[in-house]
Amino acid sequence: MLTGKRILLIIGGGIAAYKSLELIRRLRERGADVVPVMTEAAGQFVTPMSVTALAGNPVHSDLFDLGTEAEMGHIQLSRVADLVVVAPATAHLMARMAQGMADDLATTLLLATDTPVLIAPAMNVRMWEHPATQRNLATLLGDGITCTGPDEGDMACGEYGPGRLAEPLAIVEAIEARLADGPLKGRRVLVTSGPTHEPIDPVRYIANRSSGAQGTAIAAALSALGADVDFITGPADVPPPQGVRVIPVETAAQMMDAVQQSLPCDAAVFAAAVADWCVAGASSSKIKKKAGKLPTLEFAENPDILAHVAQLKRDRPRLVVGFAAETDDVIANATAKRARKGCDWILANDVSPETGIMGGTENAVHLITEDGHDSWPRMTKDLVARKLAARIAEALA
Ligand code: C5P
């Protein structure tokens, strides 16, 4: 439920704007107070009259509206909400946000606000996939803005692919997750996830079979309990969860930098399968195949991110959780790893191929703490994540 929550809804100018009317209805059904703002272009797709009627609040659209300025200044308007939602967020609006422009009421409010912002992009598939839009998205995510969608499917323009506005109910879910008042409300948690890619040359790299499923589920479970999550992910198979700050990286070194930038935080969960080695002096041009000659690769050790953070003197998170993927003597090896790395907990699992755990949907873990170990029955990775998130909430209470 969203009773008592005020949503500042910014409607961008795209064909998907018609779905914002449905979104307003769903939000109001759940008790939210919706304050609508339309860009000038949005007025080409939905009328201010319909928006006002459904929202039960007047629509704001003009930066130079003296009436509004007298009743409630624009800056004030940007701050009275619990959440600012931009739906649909068009490519143009995302570009202006990423640039920090303030050339109309919507962008001025977005620049002036200190309230969390959630965007629901919608645009033509080519526009979504364009490097410029992806660059803008990365900038916005890096600024702490969360994103829901876009969905993949048939588009109003006749093309097919990612770019459709997320369904109104999915946007409502993302809003509820962002506003969740769970036991981790106000806590900052970082989660690393996925594999790392260590370049050999510009086209080849060394990787591992981690899908990122367990780390993604943990980030989602922590977010559902109200935590403010920095999700630092290598190139994973599964999409990142909703409602978290996504920080994409490729190499272990980049992951280390991103982790350091996310400190301080209350808890850190290191679920990533970080490559132990990188290729020393990776080639900046493609290594040519030469008949009868095999290349020799030299390796260098990657930073141990978990051990580094667990052993920090300043800014050590209160709770540091590592993973141990083992193929034999799981509990003994994981217990030794906990001591060696200096972390508080280790979640250990058997990744022998016959378990089907690596890349699968289930996991069987042992939680190793200073008090010994607690073996959890085999369950879905989602359930493991929820159990772990609940234990983290207890530990931080
Ligand atoms: O030493 P090992 O790779 O088995 O340790 C696994 C744990 O350490 C995982 O939590 C993993 O995310 C973390 N780790 C790390 N940086 C590395 C290697 C592992 O954070 N370079």
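The rules behind the values
Residues numbered from 1 in each chain as written. Predicted model: local features only at pLDDT ≥ 70, side-chain atom pairs only at ≥ 80, totals over all residues. Heavy atoms only, no water. Near = heavy atom within 4 Å. Polar contact = N/O pair within 3.5 Å; in protein donor to acceptor, adjacent residues only side chain to side chain. Areas by Shrake-Rupley, 256 points an atom, 1.4 Å probe, with all protein chains shown as cover. Nonpolar A, V, L, I, M, F, W, Y, C, P; charged D, E, K, R; others polar. Domains from an automatic or database assignment. Buried area = accessible area lost by both parts, 1.4 Å probe. Salt bridge = Lys/Arg side-chain N within 4 Å of Asp/Glu carboxyl O. Helix = DSSP H or I, 4+ residues; strand = E, 2+ residues; numbered from the N terminus. Buried < 20%, exposed > 50% of the residue type's maximum accessible area, 1.4 Å probe, protein only. Contact = heavy atoms within 4.5 Å.

Bringing the site of the ligand into the picture now. As a structural note, the neighbourhood of the ligand is formed by F270, A272, V274, D276, P303, D304, I305, L306, G322, F323, K337 and K341. Side-chain polar atom of K337 to an oxygen atom of the ligand: 2.3 Å apart, as the coordinates give it. Measuring from an oxygen atom of the ligand, one finds a side-chain N or O atom of K341 at 2.8 Å. Coverage of the ligand by the protein amounts to 85% of the 450 Å² it exposes when considered alone. Grouping the constituent residues of the shell around the ligand by class yields seven nonpolar, one polar and four charged.

Another point: the domain arrangement of the protein chain. If you check the domain split of the protein chain, you get domain 1 (6-178) and domain 2 (188-396). Both faces combined, the contact of domain 1 with domain 2 buries some 640 Å², and carbon together with sulfur accounts for 52% of it. Area buried by domain 1 at its contact with domain 2 is led by L141, T146 and A177, which between them contribute 50% of it. Counting across the interface, domain 1 meets domain 2 through zero salt bridges. Our count for the contact surface shared by domain 1 and domain 2 stands at zero residue pairs in polar contact (both at pLDDT 80 or more).

Now for the pattern of salt bridges. A full pass over the atoms with the stated rule returns 19 salt bridges. The partner of R26 in a salt bridge is E29, and the shortest N-O contact between them spans 2.2 Å. Taken together, the residues R26 and E29, both in helix 1 (residues 17-29) and three residues apart, mark about one turn of the helix. Classification of E29 as partly exposed rests on a relative accessible area of 47%.

This part is about the side chain of S211. Along the chain, S211 falls in the loop between strand 10 (205-206) and helix 10 (213-224). Aside from chain neighbours lying at most four places away, what touches S211 is A236, D237, V238 and G359.

The next subject is the environment of D344. Mapped onto the elements, D344 comes out in the loop between helix 13 (330-341) and strand 17 (345-350). C-alpha of D344 to C-alpha of K313: the two residues are 31 residues apart in sequence and 15 Å apart in space. Every residue in contact with D344, bar those within four places of it in the chain, is listed here: R316, R318, L319, V320, R338, I368, T369 and E370. A polar contact of 3.1 Å, which involves the side chain of D344, links it to the side chain of R316.

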